[in-house]
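If you want the building blocks of each chain, they are given just below.
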Amino acid sequence: MTAPFVSWPWQNLGSHKYLLYGPFVAQVAHSWWKGESITSSWCFHILFLWFHRYFIYQLWHTYCSMHFLSHKRRINHQGVDFKQIDHEWDWDNFIILQAFGGAILCYMFPSLTNWGKLWDTKGVIAAMVLHMAVSEPLYYWIHRQLHRNSYLFQNYHSFHHQSPVPQPFTAGNATFLEHILLVPIMGIPVMGAAWIGYGSISMVYLYILGFDFLRCLGHCNVEVIPHRLFEALPFLRYLLYTPTYHSLHHSEKDSNFCLFMPLYDLLGNTLNEKSWELHQQICLNAGKNEMVPDFVFLAHIVDVSSAMHTPWIYRSFASLPYKFRWFLLPLWPETLMVLLMMWAWAKTFTFSFYYLRGKLHHTWVVPRFGFQYFLPFATKGINRQIEQAILKADRMGVKVLSLAALNKNEALNGGGTLFVNKHPNLRVRVVHGNTLTAAVILDKIPIDVKEVFLTGATSKLGRAIALYLCRRKIRVLMLTLSTERFQKIQKEAPADCQKYLVQVTKYYAAKNCKTWIVGKWITPREQRWAPPGTHFHQFVVPPILQFRGDCTYGELAAMRLPEDVQGLGCCEYTMERGVVHACHAGGVVHFLEGWTHHEVGAIDVDRIDIVWKAALKHGLKPV
């Protein structure tokens, strides 16, 4: 049986829990409707505080999750995986609880809520004194008991410590009982200052937001406090904890119990002796603390909407497959402005990372939209960005760099050939991963199929798929207007298989073919030529519209990473959790196999089966 006060009262409400703020919104709206000043309403301040508290946690999360900004000062180098994100999904429950706690206090002690006074220096000083003299030792004692008492730890506090990598959201992720105990710890300084007549609006805001700021600081997993500050002012190390200090509490669990002031750990003989040494070590090694990835997947931005599908904006959304979300529309202007600024000034940056078999894998992003790849004047700048990323990877000692989507566009750089030819002494192996993409698509073609219709037939992938299928004696209707390109591909096929490659120029030629392989985007009108029961395989980005109700549609070629992947916490575009595009998986296989050749330009059809078997051998699974 579950211990009492572990679960939250609104646990089963899901996202509907935010409707609990409805009474506060209604009261503010009522005051506004009556022509009263809403700033004199405590409901307004509770809502205003709620917004700013979320904002503080979000800002800390954004900074900590921007790997390209914070990676050199990271304390725990593990990644935040899906399991931890799900565990911390309702991290903000305590803000709802404290909003209602504040409302109760305002109703019970109306004389203490002096909202008319904007500032009172004595009130701020009184709150600080009460915090240091009452809240700090009270929290220390409670926190220590939560660890030392096995019943309390196992049933309550262990929930907080189940997050392997401390994050700002981890700070608020605890059981209902723990946050009930935290309410008086936060309330004593605020109500105490008001009780002695020094309450003010500013004091309430400063204390509560400062409390949240320091909680995020301790859980941010990035050492932001320079050790030289403590060398110049040694007494400060006992008045203010650091992220390193609190990370030792999370890793060892038997020391550093304080709220914000290590002084109480010193007095209670629970101060970890490694705290200052580790802090200094991380600060001194900040410039040398860069983790070199073994594998890099070089992607690009698709569009404005998908640009918000990032772990440092909305972690919860990024942990789910991308889809359009209407309530994010108000953020489009700001996002577009940021992306335009990135177009002008930004360089390739690290987007996410994970570990596979103890090796670090990065995803880097070229700061360009998908549509820019089709602008003639933008191609030179895009190729410069890709080239600089390849050269950076080469200098760092990266083993394999895989080009994603349009970064390997044939018209842009010949599928990576441009860079390999320009820099023949590259140590990093540049690959496009399309060999495995072709293998994944071909694996989905039923064995008994006798005929397929192929669009995008003269592209790298289209060519490889056509040549492979004709060797299986499958008739391939290749949609292309270029007889020259068709004949060039046909001549590459074995003499006895060339008859299976047929050039067609109209969609009606496939009116009796139930297997369509779509490598070039087709409209709903063009889809109408497919007979009922047709299955659309596809390797086109973005995927085609699922217009036909009497047909079925395949997903983009993808593979699930091996089960021993660690620290993966964001979905790759529309892919499910743990699933990556086949070209990403192709680069991973190239690295795991230790192949030393580049994979650029045309796909070697003879290697399709080799790469497919290698992927299965290493535990990658088709989806």
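As the structure is a prediction and not an experimental result, all values here were calculated from the model.

Some words on the overall build of the protein
Then comes step 1: A tally of helices and strands in the protein yields 25 helices and 15 strands.
Then comes step 2: The principal-axis extents of the C-alpha atoms in the protein amount to approximately 95 × 60 × 55 Å.
Then comes step 3: Sorting the 623 residues of the protein into buried and exposed places 56% on the buried side.
Then comes step 4: With an accessible surface of roughly 29000 Å², the protein has 62% of that area assigned to carbon and sulfur atoms.
Then comes step 5: When the 58 positive and 42 negative side-chain charges of the protein are each reduced to one mean point, those points stand 6 Å apart.

Overview of the UniProt feature "transmembrane region" (unreviewed entry) in the protein
Then comes step 1: Residues annotated by UniProt as "transmembrane region" (unreviewed entry) correspond here to residues 91-112, 124-142, 180-208 and 326-346.
Then comes step 2: Helix and strand shares over residues 326-346 are 67% and 0% respectively, and the end C-alpha atoms of the span are 28 Å apart.

Digging into the domain arrangement of the protein
Reports of interface size often rely on the accessible area that becomes lost once the parts have come together.
Then comes step 1: The assigned domain composition of the protein is domain 1 (22-286), domain 2 (295-431 + 576-622) and domain 3 (436-556).
Then comes step 2: Here the C-alpha centre of domain 3 lies 26 Å away from the C-alpha centre of domain 2.
Then comes step 3: Listed per partner, the contact involves 20 residues of domain 2 and 15 residues of domain 3.
Then comes step 4: At the surface where domain 2 touches domain 3, the tally comes to two salt bridges.
Then comes step 5: For Lys460, the salt bridge goes to Glu410, with nearest N and O atoms at 3.4 Å.

Comments concerning the pattern of salt bridges
Then comes step 1: This model, assessed by the stated rule, comprises 20 salt bridges.
Then comes step 2: Between Asp92 and Lys17 there is a salt bridge; the shortest N-O distance is 2.9 Å. You can see Asp92 sitting in the loop between α4 (82-87) and α5 (93-108) and its partner Lys17 sitting in the segment before α1 (22-33), a full 75 residues away along the chain. You'll find Asp92 and Lys17 in the same group, each marked buried.
Then comes step 3: The closest approach of N and O atoms between Arg548 and Asp550, which form a salt bridge, is 2.8 Å.

Looking at helix α11 (residues 243-252)
Then comes step 1: Burial of α11 is extensive: eight of the ten residues sit out of reach of the surface.
Then comes step 2: Of the residues making up α11, those classed as buried are Pro243, Thr244, Tyr245, His246, Ser247, Leu248, His249 and His250.
Then comes step 3: The elements touched by buried residues of α11 are α6 (121-148), α9 (201-219), α12 (263-267) and α13 (275-284).
Then comes step 4: Positive backbone phi, at 65 degrees, marks Lys253, one or two positions downstream of α11.

A short note on helix α16 (residues 332-345)
Residues lying three or four places apart along an α-helix face the same way, a consequence of the helix completing one turn every 3.6 residues.
Then comes step 1: The terminal C-alpha atoms of α16 lie 20 Å apart, and with 14 residues this matches the ideal 20 Å at 1.5 Å per residue to within 8%.
Then comes step 2: Among all positions in α16, only Thr335, Leu339 and Met342 are buried. For α16, the angular spread of the buried residues around the axis is 55 degrees, confining them to a single face. In α16, the exposed residues that point more than 90 degrees away from the buried face are Pro333, Met337, Ala344 and Trp345.

Description of the environment of Arg148
Then comes step 1: Relative to the elements of secondary structure, Arg148 occurs in helix α6.
Then comes step 2: For the pair formed by Arg148 and Leu118, sequence separation is 30 residues and the distance between their alpha carbons is 43 Å.
Then comes step 3: Setting aside anything within four residues of it in sequence, one finds Arg148 in contact with Asp254, Phe257 and Thr270.

Let's talk about the nonpolar core
Then comes step 1: Grouped together as the largest cluster of nonpolar side chains are 60 residues, with contacts concentrated most on Leu436, Leu501, Ile517 and Ile608.
Then comes step 2: Examining the composition of this core, we find that eight residues originate from one element, helix α21 (residues 460-471), more than from any other.
Then comes step 3: Built from parts of two domains, this core gets at least three residues from each of domain 2 (295-431 + 576-622) and domain 3 (436-556).
Then comes step 4: Those residues in contact with Ile517 that lie beyond four places of it in its chain are Ile441, Ile445, Val452, Phe453, Leu454, Thr455, Ile465, Leu469, His537 and Phe539.

Conventions used here
Residues numbered from 1 in each chain as written. Predicted model: local features only at pLDDT ≥ 70, side-chain atom pairs only at ≥ 80, totals over all residues. Heavy atoms only, no water. Helix = DSSP H or I, 4+ residues; strand = E, 2+ residues; numbered from the N terminus. Buried < 20%, exposed > 50% of the residue type's maximum accessible area, 1.4 Å probe, protein only. Areas by Shrake-Rupley, 256 points an atom, 1.4 Å probe, with all protein chains shown as cover. Lys, Arg positive; Asp, Glu negative; His and termini not counted. Charge placed at Lys NZ, Arg CZ, Asp CG, Glu CD. UniProt positions renumbered as here; feature names shortened; annotations may be inferred. Domains from an automatic or database assignment. Contact = heavy atoms within 4.5 Å. Salt bridge = Lys/Arg side-chain N within 4 Å of Asp/Glu carboxyl O. Expected span 1.5 Å × (residues − 1). Arc of directions from axis to C-beta. Core = buried A, V, L, I, M, F, W, Y, C linked by side-chain atoms within 4.5 Å.

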